[in-house]
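# Structure assessment
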Amino acid sequence: TTLTPAREFVVMEMSASVLQDIIKQNDLYTTAALNDIMYLHFKGFFAIQNLEAFTGLKTLYLEGNTIDKVENLDTQSQLRELYLQDNA
């Protein structure tokens, strides 16, 4: 029996440039405030950061990262759904 090696997990910073790349990949609005959903799951993020401009978020997918503290969501006053399972 041959075992397949586990997928390597990369830890990433949730930087503004990474967020812009994700916006492009998911065909979201380039104006951050217009996005009401963000898919940031399984990216290897270790902290929630740089989301200040995303004031229109209603749903935020963050599962499958290494986030151990819920913070920096003060500007997401419209946020209704936050998915954080399988973190840290």
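Residues numbered from 1 in each chain as written. Predicted model: local features only at pLDDT ≥ 70, side-chain atom pairs only at ≥ 80, totals over all residues. Heavy atoms only, no water.

## A look at the pattern of salt bridges
If you walk through the whole model with that rule in mind, you get one salt bridge. With a closest N to O distance of 3.8 Å, Lys69 and Glu71 form a salt bridge. Judged by its relative accessible area of 29%, Glu71 falls in the partly exposed class. (Salt bridge = Lys/Arg side-chain N within 4 Å of Asp/Glu carboxyl O. Buried < 20%, exposed > 50% of the residue type's maximum accessible area, 1.4 Å probe, protein only.)

## Quick notes on helix H1 (residues 16-25)
All of the buried residues in H1 are Val18, Leu19, Ile22 and Ile23. Across the axial projection of H1, the buried residues extend over an arc of 145°, all falling on one side. Of the residues in H1, the exposed ones pointing more than 90 degrees away from the buried face are Lys24 and Gln25. (Helix = DSSP H or I, 4+ residues; strand = E, 2+ residues; numbered from the N terminus. Arc of directions from axis to C-beta.)

## Re the sheet that holds strand E2 (residues 59-61)
Across the sheet, which stays open at both edges, the three strands sit in the order E1-E2-E3 with parallel pairing between neighbours. Across the chains shown, the open sheet's two edge strands, defined by having one partner strand only, are strand E1 (37-39) and strand E3 (81-83). Between one strand and the next, the sheet's axes are offset by a mean angle of 5°, whatever the strand orientation. Both E2 and E3 contribute to a ladder of three bridges, which runs parallel. In the strand pairing of E3, Thr59 is matched with Glu81. (Pairing = 2+ DSSP bridges. Axes fitted to C-alpha atoms, helices over the stretch in contact; angles between N-to-C directions.)

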